[in-house]
Amino acid sequence: MVSDGTLTPIALAQRAQKNGVELWSLTDHDEVGGQAQAKASAKSLGLSYLTGVEISVTFAHKTVHIVGLGFDDEDPLIQSGLLATRGGREKRAREMSDQLAKVGIPNCFEGALNFAGNPELISRTHFARHLVESGVCSDTNEVFKNYLTEGKPGFIEHRWASLKDAVHWITASKGMAIIAHPGRYGFTPTEEFAFMSEFKAHGGQGIEVVTGSHTPDEYIKYADVALEFDFAASRGSDFHSPNESRIDLGSLPWLPGKLKPVWELLEHRIQ
Ligand code: AMP
Ligand code: MN
C-alpha cells in the first residue's frame, strides 16, 4: 500500500499465513514506511518476519531492482537514500503523462495519482491500473506491453540509484542485498556478467532464483549463476495484488536443494 501493492500489510500477513508461508518479508519499492505495520501484523499472527525493500537502480541504461532483507529500517542512511530515490517519481510521471497525451490519451497523471495517493510513490503500475479502468487496455500486462516499456510512448528513461549506493545502504544497515528477478532485465550475456560481478564487488550476497517473475527454465539458469558467483539464493513471490499477480503468496516451488538459502544467513535478523 505504500508503493504499488493493493493490499494492506495486515491483509498480506493474513494471506501469507493462510497459504502456509513460514517466513515473510514485505518489499515495497523504494520505501520502508510499511515495515512497522508489517512487523506488527506478522507478530500478531506468530509469523516470522524479515524487514524488506526493493530498490530501483540504473545499471547499463536499464532499471534493475535490488532487494534488501533483514536491514534496520530505522537506520538514517537507508531512509535518506530511499527518500532521494523516490524524489524523481513525480517529475517522471508528469513526463510520462505528457507523452501519453501526445498519442491521444490525456490526463494520465491525475488518473494514475488517484491510484497512488502520493505523487512521491507514483509508479508505472498506477498508470497501468488507470489505463485499464479508463478502458484503454483490457489488462495491466497489455498496458506495459503497448505503452510503458522501452520504445513505447509512455516510457521515460529515468536515473534511479546507483548499484553501489543501493548495496551500501542495505549492507551498512545490517541487511543483505539480493538481485531481484534477474531474468527480467534482458541483459546480453556480457552485460549480465558485468552486473553480477559489480554487484558482488560492492558487497551484494544474494540472488532471487525462484520468483513469480521467472519461468522454470530461469530457475535452473539462475541456480547455476548462484553457484558460479557463490551467491545465496532467494525465493520471492513478487505478489502485488490478487487481480494482477500470476503467483500467489506461498505458492512457488522450493529452491533447488544444492543452493544456500538467504534466510539461513539472515537467521539472526529474523523477528
Ligand atoms: P516503476 O517502479 O514505476 O518503474 O514500476 C515498476 C512496477 O511495474 C513493478 O511493480 C513491476 O511489477 C511492474 N512492471 C514492470 N514491467 C512490467 C510488465 N512488463 N508487466 C507488468 N508489470 C510490470
Ligand atoms: Mn521488482
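Residues numbered from 1 in each chain as written. Chains lettered and ligands numbered in written order. Predicted model: local features only at pLDDT ≥ 70, side-chain atom pairs only at ≥ 80, totals over all residues. Heavy atoms only, no water.

Colleague: I tried to follow the overall build of the protein on my own but got confused; where do I start?
Modeller: On a plain count of helices and strands, the protein comes out with 11 helices and 7 strands. Each of the three principal axes of the protein carries a C-alpha extent, and together these read 50 × 45 × 35 Å. Taken over 271 residues, the protein has a buried fraction of 49%. In the protein, once contacts between residues fewer than 6 apart in sequence are set aside, the share between residues at least 24 apart is 69%. (Helix = DSSP H or I, 4+ residues; strand = E, 2+ residues; numbered from the N terminus. Buried < 20%, exposed > 50% of the residue type's maximum accessible area, 1.4 Å probe, protein only. Contact = heavy atoms within 4.5 Å.)

Colleague: Would you mind showing me how to read the packing of aromatic side chains here?
Modeller: Both the distance between ring centres and the angle between the ring planes are used here to describe each pair of aromatic rings. For the structure shown, the criterion picks out 9 aromatic pairs. An angle of 55° between the planes, with centres 5.3 Å apart, marks the rings of Phe187 and Phe195 as tilted. Residue class for Phe195 comes out buried when judged on its relative accessible area of 1%. Between Phe199 and Phe231, the aromatic rings sit 5.6 Å apart at their centres with planes inclined by 70°, giving edge-to-face as the arrangement. Of this pair, Phe199 sits in helix H9 (residues 189-201) while Phe231 sits in the loop between helix H10 (216-229) and strand E7 (232-236), placing them 32 residues apart in sequence. Ring pairing ties together the aromatic residues Phe59, Tyr185, Phe187 and Phe195, which thus form one cluster. One cation-aromatic arrangement involves Arg94 over Phe109; the distance from NZ or CZ to the ring centre is 4.0 Å. (Phe/Tyr/Trp six-rings, centres within 6.5 Å; stacked < 30°, edge-to-face > 60°. Lys NZ or Arg CZ within 6 Å of the ring centre and 35° of its normal.)

Colleague: Could you clarify how one ought to interpret the sheet that holds strand E6 (residues 206-211) in this entry?
Modeller: Note: strands within a sheet are paired through backbone hydrogen bonds, in either parallel or antiparallel orientation. With respect to topology, 5 strands assemble into an open sheet ordered E3-E4-E5-E6-E7, the strand pairing being mixed. Looking along the sheet, the strands with just one partner apiece sit at the ends: strand E3 (52-59) and E7. Going from strand to strand, the sheet's axes swing by 40° on average, the running direction of each strand aside. Note that E6 and E7 share 5 bridges and pair parallel. Along E7, the bridge assignment pairs Val210 with Arg235. (Pairing = 2+ DSSP bridges. Axes fitted to C-alpha atoms, helices over the stretch in contact; angles between N-to-C directions.)

Colleague: Please clarify how the site of ligand 1 should be interpreted in this entry.
Modeller: If you check the shell around ligand 1, you find Asp4, His29, Arg89, Arg92, Ser123, Arg124, Thr125, Asn141, Phe144, Arg184 and His240 and nothing else. Between an oxygen atom of ligand 1 and a side-chain N or O atom of Arg89, the distance comes to 3.0 Å. Contact between ligand 1 and Arg92: an oxygen atom at 2.8 Å from a side-chain N or O atom of the residue. Looking at the shell around ligand 1, the elements with two or more residues in it are helix H4 (89-102), helix H6 (124-133) and helix H7 (140-148). Looking at the shell around ligand 1 residue by residue, the classes come out as 1 nonpolar, 5 polar and 5 charged. In this structure, the shell around ligand 1 is formed jointly by two domains, domain 1 (9-86 + 159-269) and domain 2 (89-146), each of which donates at least three residues. (Near = heavy atom within 4 Å. Polar contact = N/O pair within 3.5 Å; in protein donor to acceptor, adjacent residues only side chain to side chain. Nonpolar A, V, L, I, M, F, W, Y, C, P; charged D, E, K, R; others polar. Domains from an automatic or database assignment.)

Colleague: So what exactly am I meant to see when it comes to the domain arrangement of the protein here?
Modeller: Often the size quoted for an interface is simply the accessible area lost on bringing the parts together. Considered domain by domain, the protein is made up of domain 1 (9-86 + 159-269) and domain 2 (89-146). For domain 1 and domain 2, the distance between their C-alpha centres works out to 26 Å. When domain 1 packs against domain 2, the two sides together hide about 700 Å² of surface, and 45% of this comes from carbon and sulfur. Among the residues domain 1 hides against domain 2, the three largest losses belong to Arg86, Trp160 and Glu244. Together they make up 69% of the total. (Buried area = accessible area lost by both parts, 1.4 Å probe.)

Colleague: How should helix H5 (residues 108-116) be read in this particular structure?
Modeller: Given 3.6 residues per helical turn, the α-helix brings residues three or four places apart onto the same face. Of the positions making up H5, those classed as buried are Cys108, Phe109, Gly111, Ala112 and Ala116. End-on view of H5: buried residues confined to an arc of 165°, all on one side of the axis. Phi for Gly117, located one or two positions after H5, is positive at around 80°. (Arc of directions from axis to C-beta.)

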